[in-house]
Number of protein chains: 2
Amino acid sequence: MKLGNMSVPGDCGSISPILARIGDKWSTLIILVLSEGPKRYSVLRREIESISQRMLTLTLRALERDGLILRTVHADKNPPQVEYELTDLGKTLIDPLYALCLWASQNCDAIEENRKKHEAEQADA
Amino acid sequence: MKLGNMSVPGDCGSISPILARIGDKWSTLIILVLSEGPKRYSVLRREIESISQRMLTLTLRALERDGLILRTVHADKNPPQVEYELTDLGKTLIDPLYALCLWASQNCDAIEENRKKHEAEQADA
DNA sequence: CTGCATCCCACATGATACTG
DNA sequence: CAGTATCATGTGGGATGCAG
């Protein structure tokens, strides 16, 4: 795939699935939250208010499977604790993801505005 | 939301929907393809092989609604032509998106490997 | 050529309840 | 605390056919 002057090594068919994973509803959020440092399961749940227990578990597993996060069980503790943290690979995702986040926060107003404007035009027609 | 030393203006509740939009299955691909320049509907269809007509239209409409792309109809032409291009707002997305793409292409092998390794460990247990 | 409408199914996600 | 299991559901997305 090429992008203007830039070119992406590898075909776009191979990056699309990756994009799908990190772009899914929760992965990005989880990675960003974990970028602050290791967190326990319950902490993640609290910080990502809207996520359901189920999806938190599923997403964490998927990210672990891909080697983006590390899951550490402290079985000796009572109550039991499980800590999640980014792997080195996972950490390399912080920067690009943060850039995207920044873009989103900077432009969400503009998008919102465009949406309203568009609705208004629709009403005319 | 905070990310290590960095902090994101606005709460994460507001950026999540944005991330969801640009992170959906097709938006990223379409934006990247359009970053090469304006394209006609049929051209987009050809370049993004796996997309269905329906999803192409739907995604284009959504992106247009958000002011990321511009839709221009050349009604005078025969056969009719419709051209899509990135708006200025849309163009600001290229860089962060490209960064992500680059990451994906650079690390998809590592991820693939991790996945296999993980499966092997599962088999042991 | 462009693209809308309809049908339809699979899957992703949510809610709730239960377990070690 | 950290999950798992089950059920219910909404939506994404493909196929097809029609229209301007």
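None of the values given here were measured: they were computed from a predicted structure.

Draft legend 1. Fine view of the relation of the copies chain B and chain A. Superposition of chain B onto chain A requires a rotation of 180° combined with a translation of 0.0 Å along the rotation axis, giving an RMSD of 0.2 Å. Such values leave the two copies arranged in the relation of a two-fold axis. Considering only C-alpha atoms, the residue of chain B closest to the rotation axis is G23(B), which sits at 2.3 Å. Comparing contact sets, 100% of the residues at the interface of chain B also lie at the interface in chain A, consistent with an isologous, same-surface contact.

Draft legend 2. View of the pattern of salt bridges. Applying the stated criterion across every chain yields a total of nine salt bridges over all chains. For D66(A), the salt bridge is made with R21(A), and the minimal N-O distance between the two is 2.2 Å. On the criterion of sequence distance, the pair formed by D66(A) in the loop between helix 4 (53-65) and strand 4 (69-74) and R21(A) in helix 1 (residues 12-22) is long-range, its members being 45 residues apart. A relative accessible area of 0% means that D66(A) is categorised as buried. Note on R21(A): relative accessible area 17%, which makes it buried. One network of salt bridges, in which partners are shared, links R21(A), D66(A) and R115(B).

Quick notes on the rules
- Residues numbered from 1 in each chain as written.
- Chains lettered and ligands numbered in written order.
- Predicted model: local features only at pLDDT ≥ 70, side-chain atom pairs only at ≥ 80, totals over all residues.
- Heavy atoms only, no water.
- Least-squares fit on C-alpha atoms with pLDDT ≥ 70 in both.
- Contact = heavy atoms within 4.5 Å.
- Salt bridge = Lys/Arg side-chain N within 4 Å of Asp/Glu carboxyl O.
- Helix = DSSP H or I, 4+ residues; strand = E, 2+ residues; numbered from the N terminus.
- Buried < 20%, exposed > 50% of the residue type's maximum accessible area, 1.4 Å probe, protein only.

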